[in-house]
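# Summary of the model geometry
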There are 2 protein chains.
Amino acid sequence: MTLRKDCRKIMLGCALALVAQTAMASKYLAMGDILASSKNTDWRVLDPETTLYVDLPGGRVIIDMAPRFAPLHIAKIKALARKRYFHGLPINRVQDNYVVQWSDPRASSDAVASKAVAPEFDVPLIRDMPFARLPDGDVYAPEVGFSEGFPMARDRKLKRAWLAHCYAMVGVGRDNDPTSGSGQELYVVIGHAPRHLDRNVALVGRVVQGMELLTSLPRGTDAMGGYAENQKPLIIKSVMVEADVPLAERTQLEIIRTDTPTFAALVESRRNRHEEWFFSPTGHVDLCNVPIVARPRVCPKPNCPR
Amino acid sequence: MTLRKDCRKIMLGCALALVAQTAMASKYLAMGDILASSKNTDWRVLDPETTLYVDLPGGRVIIDMAPRFAPLHIAKIKALARKRYFHGLPINRVQDNYVVQWSDPRASSDAVASKAVAPEFDVPLIRDMPFARLPDGDVYAPEVGFSEGFPMARDRKLKRAWLAHCYAMVGVGRDNDPTSGSGQELYVVIGHAPRHLDRNVALVGRVVQGMELLTSLPRGTDAMGGYAENQKPLIIKSVMVEADVPLAERTQLEIIRTDTPTFAALVESRRNRHEEWFFSPTGHVDLCNVPIVARPRVCPKPNCPR
């Protein structure tokens, strides 16, 4: 009977150890494994009405716009895109570790283009606003996390929410007058997150493909990265709303949803890196260090219907 | 008597208002004004024995090395530089929003170059270690600030200090084995601060000039930003210790000291931006958002004697 008892003990111990090992293994998955085992429902297809294609000589930059945060600016940008306003404009500012920016040098002579849009620097924090909060805090805001695929900060005392200036975020340039942003001048963050711009300017979305086409541009040698007269700026071929582009010419992308257990696991995999290379996992992650991954659209059928 | 009393009151009020205004004005100086009114003693000249020149076809990248934090790695890198080991090596990794890296594809056949250096991922926190602490906290470390011109984190419980992976920091590549870093493979941070690398790899210094020569390189299309076979990597002309470069060919630079009231004012000017453009100062600043400014050396005499 002692043997049977011992065996039971040993087998129970073994079983428990196996369960623990499995739990540990799933806790310590690396991001690649998490993405590989994700379900199709962990991803969302870009909405053609809020997706902007910035076609450059070297390829396509795709912007996922955030209408919840800047509806007026996005409406204006879409209207300008539909007028082909941005076609042929120069990328005339590339400031290292800061922003790439394009604008119309003659905007002031265009009353419609230069017409200011009411500031959308933050929005009311409403009860049902999606928010996957990060556990590690933030230097700039009381709380940070993700809302519908965008890095977001919020202040429950002030009852305000706003998008955060992480790498690849897209904003609307303005002059010193905070009410002067018109939407004809757009910038993309290309360096360390300039979070001091949060709540000072309207963010409208995020580049989800093609950042390398912007970040590798020669830096402008004039003040604040402006292109000097002897520098030839890159010329934008076209900026179009995806919905206006023929189906065959669209780029089929999907973005990881930020309100799922899969995304929570992804965040955890970045808080504690368990890839073999890592020696000392940090146990923390900064808002702008969590990748919001995009991938080619996986279609349930041979074609990707809308 | 009433008039005299009233006048006294008014004059006192005026005087107090003037004093307050002056105090406010100095409190709310912008960084440019602070630098313009700095004294020569607010700056330190780079030490030629711990300064590395990475000469590229497009210009010079200058690295200010931090011997307090990685003396063994820096000794090894200097020894390799003095053997002209880095001359002609390719910049064979450019990963967007992460790092630029160069290394010797044939390092493994060179026993000296590939010989590992003991890890220097952090150092003991000693009592007199210079540290200008930032007041706004940090997501990754208990305390962060600046030590002798470098962004530093420290943990007083663990009694350890380490350099932080901010934009422009220079580190020593290694394989999965934490003890495998040899100093022949160096990387520079070109994106949002990858602070999860802190204490996982040896940082040896910071690029103080020429970042734009690295950040504007085409991104590598292989895994992790490696250059593919059809991509032509930039070839390094030479890497030299400044002390070995003839005086006439040196770049005379000085870096803002981080242990002065002037630097404290600079930090404050970044915590609350009062340039006219800003609408809403944040009241906080992230370690990697404080610029550690370099400028051409200001010499007391026509020549810059060492």
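Residues numbered from 1 in each chain as written. Chains lettered and ligands numbered in written order. Predicted model: local features only at pLDDT ≥ 70, side-chain atom pairs only at ≥ 80, totals over all residues. Heavy atoms only, no water.

### Things to note about the nonpolar core
Counted only if it meets this: Put simply, buried Ala, Val, Leu, Ile, Met, Phe, Trp, Tyr and Cys residues joined by side-chain atoms within 4.5 Å make one nonpolar core. Relative accessibility decides the category of a residue: with a 1.4 Å probe and only protein chains considered, values under 20% of the type maximum give buried, values over 50% give exposed, and everything between is partly exposed. Numbered from the N terminus, helices here are DSSP runs of H or I no shorter than four residues, and strands are runs of E no shorter than two. Every residue pair with non-hydrogen atoms within 4.5 Å of one another is taken to be in contact.
If you look at the biggest cluster of nonpolar residues, it comprises 51 residues, and the most contacted ones within it are Leu134, Ile256, Leu266, Leu287 and Val290 of chain A. Breaking this core down by element, the ones donating at least two residues are α2 (31-36), β8 (143-147), β9 (150-155), β10 (160-163), β12 (186-189), β13 (203-209), β16 (253-256) and α5 (261-271) of chain A. Those residues in contact with leucine 287 of chain A that sit more than four places away from it in its chain are Leu134, Val144, Gly145, Phe146, Pro151, Met152, Ala164, Cys166 and Arg195 of chain A. With 50 residues, the next largest nonpolar core counts Val139 of chain A together with Val99, Leu125 and Leu253 of chain B among its residues.

### Some details on the relation of the copies chain A and chain B
Applied cut-off: The copies are overlaid by a least-squares fit using only the C-alpha atoms of residues whose pLDDT is at least 70 in both copies.
Taken as rigid bodies, chain A and chain B are interconverted by a rotation of 180° and an axial shift of 0.0 Å, the fit giving an RMSD of 0.0 Å. Taken together, the rotation and translation describe the operation of a two-fold axis. A share of 100% of the interface residues of chain A reappears at the interface of chain B, consistent with the copies meeting face to face through the same patch.

### Some thoughts on the interface of chain A and chain B
What counts here: Once two parts are joined, some of their accessible surface, as seen by a 1.4 Å probe, is lost; buried area is that loss totalled over both. Under the grouping applied here, Gly and all other residues not named as nonpolar or charged are polar, the nonpolar ones being Ala, Val, Leu, Ile, Met, Phe, Trp, Tyr, Cys and Pro and the charged ones Asp, Glu, Lys and Arg.
Tallying the contact residues gives 42 residues for chain A and 42 residues for chain B. Buried surface at the junction of chain A and chain B, both sides included, amounts to about 3,700 Å², of which 55% is carbon and sulfur. Considering only residue class, the side of chain A that touches chain B consists of 17 nonpolar, 13 polar and 12 charged.

### Some details on the pattern of salt bridges
Basically, it comes down to this: The salt bridge criterion pairs a side-chain nitrogen of Lys or Arg with a carboxyl oxygen of Asp or Glu, the two atoms within 4 Å.
For the structure on display, the rule yields 38 salt bridges over all chains. Across the salt bridge formed by arginine 156 of chain A and glutamate 143 of chain A, the nearest N and O atoms sit 3.1 Å from each other. Taken together, the residues span a long stretch of sequence, with arginine 156 of chain A in the loop between β9 and β10 and glutamate 143 of chain A in strand β8 at a distance of 13 residues. What makes glutamate 143 of chain A buried here is its relative accessible area of 9%. The residue arginine 82 of chain B makes a salt bridge to aspartate 244 of chain B at a minimum N-O spacing of 2.7 Å. Remark: aspartate 244 of chain B occurs in the loop between β15 (238-241) and β16 (253-256) and arginine 82 of chain B occurs in helix α3 (residues 71-82); sequence separation between them is 162 residues. Through salt bridges with shared partners, a single ionic network connects Glu49, Lys78, Arg82 and Asp244 of chain A.

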